[in-house]
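Fold and contact review
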Amino acid sequence: MKFIHQLDQADCGPACICMIVSHYEKKIDLQFIKDQSFLTKDGTTLLGLSEVAEKLGFKTTIGTINIKDLQNDFLPCILHWNKNHFVILKKIYRNRFTGKVEYNIVDPSYGTITVSEDLLKKSWISKENNGIALFFEPTEEFYKQEFSVESEITLKSMFKFLIPYKNQFLILSLLLLIGTITTLIFPLLTQKLIDDGVGKKDFSIITYILLAQLGVFFGSIVSDIIRNWITLQIGTEITIKIISDFIKKLLSLPIRYFASKNIGDFNQRINDHERIEQFLTSQSLLTFFSLFTFVAFFAVLLYYNALILVIYISLTILSVSWSLFWIKKVKILDYFRFQEKAKNQESIYEIVTGVSEMKLNQFEDFKRSQWEDVQLRLFSINKRILKLNQIQSGGFEFINHLKNILITFTAAAFVIRGDMSLGILLSISYITGQMNAPVSYLVLFFRSFQDAKLSLERLKEVEGQELEEQEDFQLLPINSHFEKTGFVISNLSFQYEGPHAPKVLQNINVIIPEGKVTAIVGSSGSGKTTLLKILLKFYEPTIGEITFNGISYGKISPLDLRRNSGVVMQDGYIFSDTIERNIAMGDVNIDYDKLNLVINITNLGEFINQLPLGLSTKIGFSGNSISGGQTQRILIARAIYNDPHLLFLDEATSALDSVNEKLIHNNLQNFFKNKTVLIIAHRLSTVMNADNILVFKGGQIVEEGTHSDLIKKKEHYYELIKNQLELGT
C-alpha cells in the first residue's frame with residue numbers, strides 16, 4: 001500500500017480511498033477522488049466514501065463491528081477515528097515479544113503507526129466494544145477500469161524552479177566546490193605541519209603551512225559570505241515567484257472551491273514555500289557537495305589505512321542502526337503528541353474567540369480545565385519522548401565516541417610500531433570528524449525532499465483546478481439588441497453535497513424581469529440566499545437551467561456579470577483600509593463625484609464628517625471599529641458606487657435603525673429605476689414596494705405576487721408579516 005498524505009484538513013477520507021486503491025495494485029489521482037466526494041469544510045462521510053468506492057468498482061459494507069471480530073481477511077478497511085477523522089486499519093498481528101495483539105494503522109495526516117488494543121479502543125470505539133468501519137471488496141469492474149493518475153513529483157520536476165537562476169547556481173556551485181576543496185586541504189596541511197615542520201624542526205615550513213592555513217581559512221570565509229548573499233537573492237526570488245503564482249491562480253478559481261477549504265489550508269500552502277525554497281537553495285547543494293567531500297575523505301582514509309576505514313564503517317552502521325531502532329519507538333509517541341497539539345490549538349482558539357460567551361455563561365473554569373488536561377497529557381507524552389530520545393542520542397554519541405577512540409587507538413598503535421607518522425594520525429582524526437557531517441546531511445536531504453514534495457503537491461493541487469473564467473464565455477447581454485426577458489429560471493434544484501444530501505432548492509420556476517424590483521421573503525433556511533449565490537455564479541444548479549435575456553447562464557462570463565452587478569451579502573466584508581477605498585474598491589482613481597453621491601444616498605455624511613481624517617480614516621480589521629449599521633451603509637455604498645445594471649441585496653438594511661432605514665430606502669427607490677433588482681429581506685418596509693414578491697418555504701416558491709395581492713390571500717406571506725403589522729385575522 002502506497003502512503004498518500006492528505007493535502008487539506010478535509011482530505012483524510014479521499015486519501016484513504018486512494019490508499020485502498022493502491023493496496024489492490026492500481027493508482028488513482030487524489031484530486032479525482034476529492035471531486036467525487038462532495039467535500040465540505042468538515043470533510044465527507046462514510047456514506048459519501050462508500051458511494052465513491054462503489055463508482056470505482058468496489059463492493060462496500062458500512063457498519064459497527066466488535067473489536068474482537070476484526071480479522072485480517074477483512075482488511076484493509078477505513079475506521080472512523082476520534083469521531084472526526086478517517087484512517088486505514090491495514091493489518092492485525094501479535095507481537096512476538098509481548099504476545100499482545102497490535103494494530104497497524106495508516107493515518108493520512110501523519111503516516112504508518114502501530115497501536116495497542118487499548119489505544120485502538122480509545123480512538124475508534126464509539127459504543128461498548130463496537131466501532132464504525134467501511135469494508136471493501138474489489139469486483140471485476142474495479143480491475144477493468146482505468147483511473148485518472150496524477151504525474152509524480154520528482155527531483156527533476158522540482159529543480160525546474162532553478163532554471164531561471166542557472167548562472168547564479170553555477171557561481172554557488174563553484175563556491176561550494178571551493179569550500180569542499182578547502183576542507184580536503186586542511187588534513188593534508190596538518191600532516192605536513194607535523195611531519196615536515198615539527199618533526200624536522202623546520203620553522204620556515206611551519207610558517208609557510210600556517211600562513212597557507214590562514215589564507216585557506218580567509219578564502220573560506222569570503223566564499224561563505226558571497227554564497228550566503230547569492231542564496232538569499234535566489235531564495236527570495238523563488239519565494240516571491242511561487243507565492244505570487246499561487247495567489248494569482250487562487251484568485252482565479254470559482255468561489256465554490258473555497259467552500260470546502262479552511263483558513264488553515266490556505267495558510268499552510270502560503271507557508272509551504274519556505275520548505276521548497278530551503279530544499280532547492282540550501283539542502284540539495286549542501287548534500288551534494290558534502291557527499292563529494294565524504295567520497296574524497298573515504299578515498300583518503302582508504303589510502304592511509306584500510307583497517308581504520310573498516311572500523312569507521314562498521315561502527316557508523318551500528319550507530320545509525322541504533323538511532324533508527326529508537327526513532328521507530330518514538331514514532332508512536334510522536335503521533336499522539338501530534339494529536340494532542342491539535343487539541344491544544346483548538347482549545348486556545350476557542351478560548352480566545354469565545355471569551356465573551358464564556359464570561360456571560362460562566363464557562364471559563366470548565367474550558368481552562370480542559371486546556372490543563374491537554375497540557376498534562378502533552379507533558380506525559382513529552383516525558384516519554386524525552387526518555388527515548390535520551391537513550392537514542394546517548395547511545396548514538398557513545399558509539400561515535402567509541403569509534404573515535406578505537407580509530408585513535410589503532411592509529412596510535414601504528415605510529416608506535418612505525419607504520420604511520422604522527423601527522424597522518426592527526427589527519428585521520430580530523431577526517432573521521434568531518435565524515436560524520438555528510439551522513440547527517442544525507443538524512444536531512446531525504447527528509448527535506450519529502451517535506452518539499454508534500455508542499456509542492458499542495459500547491460500543485462491548486463494549480464490543477466479549472467479556472468472560473470473561460471475563453472468561450474460571453475459578456476453579460478445587457479445591450480439594446482438583446483431581448484429583455486431578464487432571469488428565466490426553469491426546473492432549478494440544488495444540493496450542496498452529494499446525491500443523498502437534502503435539496504436546498506426544489507423545482508424553482510420563476511422569471512425575474514429586467515428593470516424591475518423583485519423581493520424574496522421566507523423563513524431562515526428556506527433557500528433565499530442560495531438562489532442569490534447561484535445567480536452570482538458562486539454555484540451551478542444541480543438540476544435545471546437559467547437564462548438571462550435569452551442567453552444560457554452557463555455561457556456568461558462570471559467576471560463580466562460581477563463587473564455589472566452591485567451586491568450586498570449578509571456577511572459582507574470590510575477591509576482594513578480607508579472608508580473611501582472600502583467604497584470605491586477596485587477603482588484605482590476614485591471618482592469623488594460618484595463617491596459623494598453614494599454617501600448621500602446611504603446617509604454616511606454625518607458619520608464621516610465626525611472622523612478626524614474623514615474619508616481617509618482607516619477602518620479596523622474586518623470593520624471591528626465601526627457599528628453594524630455603519631458597516632451595512634458602507635456595503636450599500638460600495639454596491640451602488642459603479643451604478644450597476646444588476647443589484648442584489650441580501651438583508652442589506654437588517655442592522656439599520658428605523659430612521660436610517662426609511663431614509664436610505666427612500667433614496668434607493670430612485671436609484672432602482674431601470675435596474676434589475678433582487679432584494680432578500682424580512683422587514684415589510686423593505687419589500688412592500690417591490691414589483692413582485694416571491695415567498696420561499698422549504699426550498700420552494702409557495703407564493704408569488706405584489707404586496708397587496710399576497711395580503712388578500714392571507715396565506716404564507718400574510719403569516720410572515722402579520723406580527724410586524726399586527727393585522728390579526
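Residues numbered from 1 in each chain as written. Predicted model: local features only at pLDDT ≥ 70, side-chain atom pairs only at ≥ 80, totals over all residues. Heavy atoms only, no water.

- Under the annotation held in an unreviewed UniProt entry, the protein chain carries the name Peptidase domain-containing ABC transporter and is attributed to Chryseobacterium muglaense.

1. What to know about the overall build of the protein chain
- Assigned secondary structure in the protein chain consists of 24 helices and 17 strands.
- In summary, the protein chain has a C-alpha radius of gyration of 35 Å against a globular reference of 27 Å for 729 residues, an excess of more than 25%.
- Every one of the 729 residues in the protein chain was classed for burial, and the buried ones make up 46%.
- Surface exposure of the protein chain reaches about 38,800 Å², of which carbon and sulfur atoms provide 57%. (Helix = DSSP H or I, 4+ residues; strand = E, 2+ residues; numbered from the N terminus. Rg over C-alpha atoms; globule rule 2.2 N^0.38 Å. Buried < 20%, exposed > 50% of the residue type's maximum accessible area, 1.4 Å probe, protein only. Areas by Shrake-Rupley, 256 points an atom, 1.4 Å probe, with all protein chains shown as cover.)

2. Regarding unusual backbone geometry
- Note the cis peptide between Leu 75 and Pro 76, where omega equals 0 degrees.
- With respect to the helices, strands and loops of the structure, Pro 76 is situated in the loop between β1 (58-66) and β2 (77-81).
- Backbone geometry at Asn 674 places phi at a positive 65 degrees, although glycine is not the residue there.

3. Focus: the state of the cysteines
- This model, assessed by the stated rule, comprises 0 disulfides.
- The thiol of Cys 12 is unpaired, and the distance to the nearest cysteine sulfur, on Cys 16, comes to 6.3 Å.
- Just so you know, Cys 18 is unpaired, no disulfide at all, and the nearest cysteine sulfur is the one on Cys 16, 9.3 Å from it.
- A relative accessible area of 3% places Cys 18 in the buried class. (Disulfide = S-S within 2.5 Å.)

4. Quick notes on the nonpolar core
- One finds Ile 583, Leu 595, Leu 604, Leu 647, Leu 668, Phe 672 and Tyr 717 to be the most contacted residues of the largest nonpolar core, which totals 47 residues.
- Considering every element that reaches this core, the biggest residue donor is helix α20 (residues 628-640), with 6 residues.
- Excluding residues that lie within four positions of it along the chain, Leu 668 makes contacts with Ile 601, Ile 636 and Ile 640.
- Listed in part, the 30 residues of the second largest apolar core include Phe 487, Phe 538, Phe 548 and Met 569. (Core = buried A, V, L, I, M, F, W, Y, C linked by side-chain atoms within 4.5 Å. Contact = heavy atoms within 4.5 Å.)

5. Regarding the packing of α20 against helix α21 (residues 658-671)
- Where α20 meets α21, the closest approach of the two axes is 13 Å, and the angle between their N-to-C directions is 5 degrees. Regarding the angle of α20 to α21, the classification is roughly parallel. For the pair formed by α20 and α21, the contact residues are Arg 633, Ile 636 and Ile 640 on the first element and Asn 660, Ile 664, Leu 668 and Phe 671 on the second.
- Split by residue class, the contact of α20 with α21 holds 5 nonpolar, 1 polar and 1 charged. (Axes fitted to C-alpha atoms, helices over the stretch in contact; angles between N-to-C directions. Parallel < 35°, antiparallel > 145°, perpendicular 65-115°, else oblique. Nonpolar A, V, L, I, M, F, W, Y, C, P; charged D, E, K, R; others polar.)

6. Structural notes on the packing of aromatic side chains
- Scanning the entire structure with this criterion turns up 18 aromatic pairs.
- Relative to Tyr 539, the ring of Tyr 496 lies with its centre 5.4 Å away and its plane at 90 degrees, an arrangement referred to as edge-to-face. Within this pair, whereas Tyr 496 is found in the loop between β8 (487-494) and β9 (505-512), its partner Tyr 539 is found in the loop between α15 (528-535) and β11 (543-548), the two being separated by 43 residues in sequence.
- A relative accessible area of 38% means that Tyr 496 is categorised as partly exposed.
- Grouped by ring-pair contacts, the aromatic residues Tyr 24, Phe 58, Phe 136, Phe 142, Tyr 143 and Phe 147 constitute a single cluster.
- The ring of Tyr 641 carries the charged tip of Lys 594 above its face, separated from the ring centre by 4.7 Å. (Phe/Tyr/Trp six-rings, centres within 6.5 Å; stacked < 30°, edge-to-face > 60°. Lys NZ or Arg CZ within 6 Å of the ring centre and 35° of its normal.)

7. Some points on the pairing of β8
- Pairing between β8 and β11: 5 bridges, direction antiparallel. Its bridge partner being in β11, Val 488 is matched across the sheet by Thr 547.
- Here 5 bridges tie β8 to β9, and the two strands are oriented antiparallel to one another. Its bridge partner lying in β9, Leu 492 is registered against Ile 508. (Pairing = 2+ DSSP bridges.)

8. Considerations on helix α1 (residues 12-23)
- Under the 1.5 Å per step criterion, the end-to-end length of α1 is 17 Å for 12 residues, consistent within 8% with the ideal 16 Å.
- Counting buried residues along α1, 11 of its 12 residues qualify, which places the element largely inside the surrounding structure.
- For α1, the complete set of buried residues consists of Cys 12, Gly 13, Pro 14, Ala 15, Cys 16, Ile 17, Cys 18, Met 19, Ile 20, Val 21 and Ser 22.
- Note on α1: the residue one or two positions beyond its end, Glu 25, has a positive phi of about 65 degrees. (Expected span 1.5 Å × (residues − 1).)

9. Some points on the sheet that holds β8
- Reading across the sheet, the 4 strands line up as β9-β8-β11-β12 and stay open at both edges, with antiparallel pairing between neighbours. On the outer flanks of this sheet lie β9 and β12 (551-552), each paired with one strand and no other.
- The strands touched by α15 are β8, β9 and β11; relative to β8, the strand with the most contacts, the crossing angle is about 120 degrees.

10. A word on the pattern of salt bridges
- A full pass over the atoms with the stated rule returns 10 salt bridges.
- Residues Arg 417 and Asp 419 are paired through a salt bridge, measuring 3.2 Å at the closest nitrogen-oxygen approach.
- By relative accessible area, Arg 417 is classed as exposed at 57%.
- One salt-bridge network, in which partners are shared between bridges, spans Lys 68, Glu 117 and Lys 121. (Salt bridge = Lys/Arg side-chain N within 4 Å of Asp/Glu carboxyl O.)

11. Side note on the pairing of β2
- When you tally the buried positions in β2, you get 4 out of 5 residues, the bulk of the element.
- Pairing of β2 with strand β3 (residues 85-94) involves 5 bridges; the strand directions are antiparallel. Pairing of Leu 79 across the sheet is with Val 87, part of β3.
- Here β2 hands over to β3 after 3 residues, with Asn 82 in that stretch at a positive phi of 55 degrees.

12. Regarding the environment of Glu 25
- Turning to its location among the elements, Glu 25 is positioned in the loop between α1 and α2 (30-36).
- Put simply, Glu 25 and Arg 417 are 392 residues apart on the chain and 62 Å apart in space, counted from C-alpha to C-alpha.

13. Notes on a nonpolar patch on the surface
- Side chains of Leu 174, Leu 177, Ile 178, Ile 181, Ile 185 and Phe 292 sit close together on the surface and give an oily, nonpolar patch of about 470 Å² of accessible area.
- Per element, the largest residue contribution to the nonpolar patch is 5 residues, and it comes from helix α7 (residues 166-198).
- Locating Leu 174 in the fold gives a position in helix α7. (Patch = residues over 30% accessible without salt bridge, like charges linked within 9 Å, V, L, I, M, F, W, Y side chains within 5 Å.)

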